[in-house]
2 protein chains.
Amino acid sequence: MREAKIVEVCPRDGFQSVERHIPAEEKIKIIGMLADSGIKKIQATSFVSPKAIAQMRDASLVMSEAIKQRPHTRFFALVPNLRGAESAVAAGAKEITTVISLSKSHNMANIRRTHEQSLEELKRIRESFPEITVGVDIATVFGCPFEGPQTVAELLRMIEAVSALGVREITLCDTIGVAYPKQVANVMREALVHFPGSSFGIHIHDTRNMGMINSLTALENGAESVQVCAAGLGGCPFAPGASGNTATEDFVYMLEKEGWETGINFEKLLEAARYIVQNIEGVFSGHQVNITTPQAGSCC
Amino acid sequence: MREAKIVEVCPRDGFQSVERHIPAEEKIKIIGMLADSGIKKIQATSFVSPKAIAQMRDASLVMSEAIKQRPHTRFFALVPNLRGAESAVAAGAKEITTVISLSKSHNMANIRRTHEQSLEELKRIRESFPEITVGVDIATVFGCPFEGPQTVAELLRMIEAVSALGVREITLCDTIGVAYPKQVANVMREALVHFPGSSFGIHIHDTRNMGMINSLTALENGAESVQVCAAGLGGCPFAPGASGNTATEDFVYMLEKEGWETGINFEKLLEAARYIVQNIEGVFSGHQVNITTPQAGSCC
């Protein structure tokens, strides 16, 4: 049986899409439920300016409490810059990821930097925290809302650049949900052929209903891990038209049927997804919570 | 480029899930929009007892008007029995399908018949209308809400039984959305190996978010056609937990990206899906309209 590594991003990508602030204790409770379902790696929060994303203003509390309450789960945080990395490490994070958009214009819209500035900041983070695992999320790999399609050649150059800074964990992100299966398979194969020593994750938005097929295609073509989001929450405020991530419960259900080992207790995961839907539904702005699996249960 | 035959079922499976009656002229308008997008085969309605499904009480008018207004589109109707077949033919239908559930208990709940009674009725329909193409939808092929999993052996026996009555067009239906890709691939291959002279379609409900991947898997494993439903409407009133069908616009978008020829104008299809969402949204009971593609458009 093949093993699929599930990375839960609801507490970051999911919660940041919720307009009304979710109390820190509620976030911590949900993180605990997700960890208790057997998910081994969870993106607990992001250390960003509260002016940019107010929903994440309690990052230090959420991060430190998550680590304290579930010491055996791998928690990591998204950081846009060195300052964020400092805060994350101060809160106890042993692992962080930063983000660079493959598209220059999306990188500027999302984090107000050129590629060179982003790589320079990544270098500073690596040098400041040599003991911390630093991963990179490459955004808009499969298409950009401003520039349209991105080339594999550009992607390989970006992977080369972050690899040169010692980064080995790279997540390829379909920020606006335009990826399709053959593209995902091709991108995964190209990345692995050129960088066999690196580990590639995948992060798919379900905008055009291809979250499930693209995520599975990535796994079948060598992705080390798949980022998913309980209850299908998520979306990028700077990517017009972007909607939620692939729902964890839907994806795990399919993986089990397809013969992949996830180490996750499906009923507990469903409980967490239901809790999210029942307790924070109604506070979304334009996003549609995918509750198909929670609604239908696991009847047969 | 491979060709994918799209069969649109929104006017039947979609509209029957809408509680408030959609006026016949509205149905006919939407059918016209779908036909004008390039979809060549459309399930226009079903000829059922108005007591069972009141939404379909205008079947004769919808069927005859559809045929009159779009003479080059293949319209067909679902009929539960000989009486329905008579009404369909009287309304001008040249093609009908009837339904038998692989699960005995679902067949009883859905059409109040044993398998033997269903096959007997199919025989009567075939004998009464030898000039009409009669197809069969086999429901609950991939799982039943009452009995759980169904076996491939049982399916092959059912295909044998309907084939013995001269039926060559068979649609395998995942009535409650429990199918998974490996199962779909296996069922398609088994059906084709044992009945190479028959044509098999697939009909998938998106309950667990596997509509896209299962429908594509069926095509890749020899399905002749795929039933989909504009705006992702649909659901079976006798299958607890069932939700909408695979959305036509999402599936066609993916097919085009994957290199399949559909003969459909995507922008016109999107227009029809948007029209459905904007004009009959809010009248659903418990179903979630999949509007991800219409919302996000075809920006890149």
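Residues numbered from 1 in each chain as written. Chains lettered and ligands numbered in written order. Predicted model: local features only at pLDDT ≥ 70, side-chain atom pairs only at ≥ 80, totals over all residues. Heavy atoms only, no water.

Trainee: Could you give me a rundown of the sheet that holds strand β9 (residues 225–228) of chain A, with the residues and numbers involved?
Mentor: In a beta sheet, neighbouring strands pair by backbone hydrogen bonds and run either parallel or antiparallel. Residues and elements named next belong to chain A. Ordered in space as β2-β3-β4-β5-β6-β7-β8-β9, the 8 strands form a closed barrel in which the pairing is parallel. For this sheet, the mean inter-axis angle between neighbouring strands, taken without regard to orientation, is 25 degrees. As defined by bridge partners, strand β7 (residues 169–174) adjoins strand β8 (residues 199–204) across 6 bridges and the pair is classed as parallel. Of the residues in β8, the one forming a bridge with E169 is S199. Helix α6 (residues 115–128) contacts β5 (95–101) and β6 (133–139) of the sheet and is inclined by roughly 170 degrees relative to β5. (Pairing = 2+ DSSP bridges. Helix = DSSP H or I, 4+ residues; strand = E, 2+ residues; numbered from the N terminus. Axes fitted to C-alpha atoms, helices over the stretch in contact; angles between N-to-C directions. Contact = heavy atoms within 4.5 Å.)

Trainee: Mind laying out the sheet that holds strand β9 (residues 225–228) of chain B, listing which residues take part and the relevant values?
Mentor: All names here are of chain B. With parallel pairing, the 8 strands of this closed barrel are ordered in space as β2-β3-β4-β5-β6-β7-β8-β9. Each strand of the sheet is rotated relative to its neighbour by a mean of 25 degrees, with strand direction disregarded. Bridge analysis of strand β4 (residues 74–78) against strand β5 (residues 95–101) gives 2 bridges, and the strand direction is parallel. Paired with A77 across the two strands is I96, which belongs to β5. Each of β7 (169–174) and β8 (199–204) touches helix α8 (residues 181–194); the most contacted strand, β8, lies at about 160 degrees to it.

Trainee: Outline the nonpolar core, supporting the account with residue identities and numerical values.
Mentor: Most often, soluble globular proteins keep nonpolar side chains buried together rather than apart. Counting 190 residues, the largest nonpolar core has I138, L172 and F251 of chain A together with I138, L172 and F251 of chain B as its most contacted members. Excluding its chain neighbours within four sequence positions, the residues that come into contact with I138 of chain A are I100, L102, L155, M158, I159, I170, T171, L172 and C173 of chain A. (Core = buried A, V, L, I, M, F, W, Y, C linked by side-chain atoms within 4.5 Å. Buried < 20%, exposed > 50% of the residue type's maximum accessible area, 1.4 Å probe, protein only.)

Trainee: Explain the pattern of salt bridges to me, using residue names and the numbers behind them.
Mentor: Residue and element names in this part refer to chain B. Counted according to the given criterion, the structure contains 26 salt bridges over all chains. The partner of K5 in a salt bridge is E224, and the shortest N-O contact between them spans 2.7 Å. Separated by 219 residues along the polypeptide, K5 in strand β2 (residues 5–8) and E224 in the loop between α9 (211–220) and β9 bring together distant segments of the chain. K5 gets classed as partly exposed once you look at its relative accessible area, which sits at 37%. (Salt bridge = Lys/Arg side-chain N within 4 Å of Asp/Glu carboxyl O.)

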